[in-house]
There are 2 protein chains.
Amino acid sequence: MSLSNFFLKSDELVVRKMSSALKTLQLLSHFSATSPEIGLSALCRLAKRDKATTHRHLQALEEVGFVEQNPLTRQYRLGPALLQLAQTREMTVPRKEIALPILKRLADQTGETTHASILSGTTVFALASCESTQHSTRVVIDLDRFPLHATASGLSTLAFGPDELMAVAAKNLEAFTDHTINSVESLEEMVQSVRETGFGRTIRSFEHEVSSLAAPVFDETGNLAGAVSVACVATRFSPDLERNCQEHLITASRDLTRGWGGTTPQRIEAIWAATLSKSHELETKS
Amino acid sequence: MSLSNFFLKSDELVVRKMSSALKTLQLLSHFSATSPEIGLSALCRLAKRDKATTHRHLQALEEVGFVEQNPLTRQYRLGPALLQLAQTREMTVPRKEIALPILKRLADQTGETTHASILSGTTVFALASCESTQHSTRVVIDLDRFPLHATASGLSTLAFGPDELMAVAAKNLEAFTDHTINSVESLEEMVQSVRETGFGRTIRSFEHEVSSLAAPVFDETGNLAGAVSVACVATRFSPDLERNCQEHLITASRDLTRGWGGTTPQRIEAIWAATLSKSHELETKS
DNA sequence: ACCAATGGTTCACAATATGAACCGATAAGC
DNA sequence: GCTTATCGGTTCATATTGTGAACCATTGGT
């Protein structure tokens with residue numbers, strides 16, 4: 001969504017043509033839980049587009065009910081037609097319903113907050129989450145999008161998703177904490193280690209008090225579909241807990257992949273097995 | 001959505017120009033619970049559009065995650081980005097959450113199945129429904145769109161919604177049963193009576209065994225926002241039950257209107273009061 | 001009364017959308 | 001095993017459509 005309109009190709013600058021339909025639809029991505037209503041001018045600034053054009057686009061969106069105008073403030077907000085379509089989508093592919101019981105179980109097993117996310121285009125969207133009731137302190141993250149470079153889910157997605165994502169991630173290395181990855185080099189290093197272990201892993205890199213572990217989820221083609229993650233209160237994140245999370249993340253990922261119509265690729269299973277046996281070795285030694 | 005591209009204006013035929021964004025978005029309206037996956041050629045036929053164009057439109061939709069291709073069948077279906085946007089919409093305007101308890105109460109009070117619907121553009125779509133557990137026979141209608149001419153909710157919408165709807169309704173007088181309204185004249189007559197009573201009313205006009213009563217719901221501008229309805233098993237639909245439904249529909253509509261940020265217009269309240277006192281008169285006479 | 005926002009509109013110009021014809025693959029008919 | 005009919009997808013000359021600087025009308029602050 002936030003891809004630039006330009007890209008470099010064998011030393012020459014190429015202008016990526018965009019259908020106006022695409023430009024229109026991209027306007028929708030600026031609405032979020034934190035800014036649910038946006039005025040025309042504000043939206044122009046956000047989208048870096050002309051006022052007349054943006055207005056025409058909004059009118060098209062309004063006509064099909066994708067946005068509506070708050071008649072009092074004249075600001076725009078997402079429209080009711082989205083509910084209708086989302087309902088239909090859920091009937092077709094009820095990923096959320098499938099995810100919820102799996103997240104619940106994972107939360108019970110680990111005692112921490114669990115998340116499921118979906119890769120759509122180049123964005124990792126939050127699908128559902130579940131808080132454990134075992135501890136009085138627990139992680140409450142209300143995200144709609146998981147930053148690729150700063151979250152365990154994002155790193156899993158980078159490691160096992162389409163290669164183009166790396167370029168997108170590299171363009172936005174926002175520093176959420178002083179542990180956030182801040183260079184393309186260290187990002188690549190991190191992603192490499194995720195590929196080797198089969199788990200995305202972040203220590204206080206998105207929120208100061210949170211450490212997180214994630215596993216990739218796949219669809220019916222064997223391509224990455226999303227991720228499932230455990231967000232632990234950082235002070236609780238011991239090697240023991242990590243091992244526990246890894247084990248249960250694997251079954252959760254397997255079940256989610258199966259529920260979404262796919263099968264976990266053999267190569268991923270192999271990576272997980274290797275990681276688990278390695279951490280088992282360490283544990284028995286100590 | 002199903003508006004024609006042509007309209008008559010002071011005796012001359014004018015071609016309505018449509019932005020390609022609009023055409024693109026309109027493709028989405030062909031997906032429904034009953035046909036959740038559609039192939040390229042099939043969609044061309046449904047939308048009556050060119051294959052190349054439709055394909056380009058689908059690609060734009062795919063890029064933002066509004067559709068995705070089932071990789072096995074190559075058919076298209078609604079995409080995951082819709083879930084995300086619908087979630088955001090519900091955070092902004094939680095109409096569904098607000099409607100559910102009201103529908104529950106209405107179902108308890110009437111002993112029948114209740115529905116809430118929203119007008120979006122020229123489509124009345126289902127928002128939520130609630131089944132009563134009082135009777136072993138009950139109405140289960142799994143609709144995502146309410147036909148304007150054949151349902152009580154549709155008639156309420158026609159009667160109190162924007163005038164343009166009438167033209168849309170007149171274009172599609174599909175006969176669901178032999179009680180379905182089948183001429184523009186009788187439709188106009190029906191709508192007129194809805195305007196006089198304040199209630200949409202259909203007897204076996206959509207399903208053979210169902211009679212239904214509906215009241216309009218309004219938003220913060222005083223415009224029609226949707227409808228709330230009771231779908232009764234037709235054999236149970238006595239004058240007594242009708243009166244009971246009317247009374248409780250009024251409070252349900254008031255509460256919904258208020259919950260959605262509006263106030264029930266005085267003229268509607270007046271119409272309802274008149275209808276109730278009339279039916280009360282009849283009741284005491286007999 | 002003024003200025004600086006806002007939402008919205010116009011019109012000459014330029015870019016994008018369009019669809020008939022096309023390709024390659026798969027499935028059915030015989 | 002050859003023909004035919006679909007399917008999803010692509011090409012390219014044509015013309016319809018999109019674009020944005022400049023514009024207007026309102027509103028709210030000073």
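Just so you know, these numbers come straight off a predicted model, no measurement behind them. (Residues numbered from 1 in each chain as written. Chains lettered and ligands numbered in written order. Predicted model: local features only at pLDDT ≥ 70, side-chain atom pairs only at ≥ 80, totals over all residues. Heavy atoms only, no water.)

How do you make sense of the protein's contact with DNA strand C when you look at a structure like this?
Looking at DNA strand C, there are 20 residues lining it, with A:Ser41, A:Lys51, A:His55, B:Lys23 and B:Asp50 nearest. Expressed as a percentage, the sugar and phosphate content of the atoms of DNA strand C within 4 Å of the protein is 65%. At 3.1 Å, a side-chain N or O of A:Gln69 approaches a phosphate oxygen of DNA strand C. Here a phosphate oxygen of DNA strand C sits 2.8 Å away from a polar atom, N or O, in the side chain of A:Tyr76. Sorting the residues of the surface near DNA strand C by element identifies helix H2 (40-47) and helix H3 (51-63) of chain A together with helix H1 (20-27) and helix H3 (51-63) of chain B as the ones contributing at least two each. By residue number, the principal contributor to the surface near DNA strand C is H3(B), which donates four residues. A per-class count over the surface near DNA strand C returns four nonpolar, nine polar and seven charged. (Near = heavy atom within 4 Å. Polar contact = N/O pair within 3.5 Å; in protein donor to acceptor, adjacent residues only side chain to side chain. Helix = DSSP H or I, 4+ residues; strand = E, 2+ residues; numbered from the N terminus. Nonpolar A, V, L, I, M, F, W, Y, C, P; charged D, E, K, R; others polar.)

Teacher, can you tell me more about the interface of chain A and chain B here?
Quite often, the size of an interface is put as the accessible area lost when its parts meet. Facing the 52 residues of chain A at the interface are 53 residues of chain B. Here chain A and chain B share an interface that buries about 4,400 Å² over both sides, 69% of which is from carbon and sulfur atoms. It is A:Leu83, A:Gln84 and A:Arg89 that lose the most area in chain A upon contact with chain B, and together they represent 14% of the buried surface on that side. Counting across the chain A and chain B interface gives two salt bridges. B:Glu68 is the salt-bridge partner of A:Arg89, the closest N and O atoms lying 2.7 Å from each other. Broken down by secondary-structure element, the contributors of at least two residues to the side of chain A that touches chain B are helix H1 (20-27), H3, strand S5 (76-78), helix H4 (81-92), helix H5 (95-110), strand S6 (113-120) and strand S7 (123-130) of chain A. A total of twelve residues in the side of chain A that touches chain B trace back to one element, the largest contributor, which is H4(A). Each residue belonging to the side of chain A that touches chain B can be placed in one class, and the counts come to 26 nonpolar, 15 polar and eleven charged. (Contact = heavy atoms within 4.5 Å. Buried area = accessible area lost by both parts, 1.4 Å probe. Salt bridge = Lys/Arg side-chain N within 4 Å of Asp/Glu carboxyl O.)

Would you mind showing me how to read the protein's contact with DNA strand D here?
Inspection of the region around DNA strand D gives 21 residues, with A:Lys23, A:Asp50, B:Ser41, B:Lys51 and B:Tyr76 positioned closest. For DNA strand D, a phosphate oxygen lies 3.3 Å from a polar atom in the side chain of A:Thr53. Within the side chain of B:Tyr76, an N or O atom sits 2.6 Å from a phosphate oxygen of DNA strand D. Contributions of two or more residues to the surface near DNA strand D are made by H1 and H3 of chain A together with helix H2 (40-47) and H3 of chain B. Of the residues that constitute the surface near DNA strand D, the class distribution is four nonpolar, ten polar and seven charged.

What should I look at first to understand the environment of B:Thr53 in this one?
All names here are of chain B. Mapped onto the fold, Thr 53 is located in helix H3. You can call Thr 53 partly exposed: its relative accessible area is 22%. Spatially, the C-alpha atoms of Thr 53 and Thr 24 are 9.1 Å apart, while their sequence positions differ by 29 residues. (Buried < 20%, exposed > 50% of the residue type's maximum accessible area, 1.4 Å probe, protein only.)

In this structure, what is going on with the domain arrangement of chain A? I would like to understand it.
With domains assigned, chain A is organised as domain 1 (6-83) and domain 2 (93-285). If you average the C-alpha positions of domain 1 of chain A and of domain 2 of chain A, the two centres end up 31 Å apart. (Domains from an automatic or database assignment.)

How should the relation of the copies chain A and chain B be read in this particular structure?
One copy of the chain maps onto the other through a rotation about an axis plus a displacement along that axis. After a rotation of 179 degrees and a shift along the axis of 0.0 Å, chain A superposes on chain B with an RMSD of 0.2 Å. Taken together, these values place the two copies in the relation of a two-fold axis. When C-alpha positions in chain A are compared against the rotation axis, the closest is assigned to A:Ala21, at 2.0 Å. Interface residue correspondence from chain A to chain B reaches 100%, placing this contact among same-surface, isologous pairings. (Least-squares fit on C-alpha atoms with pLDDT ≥ 70 in both.)

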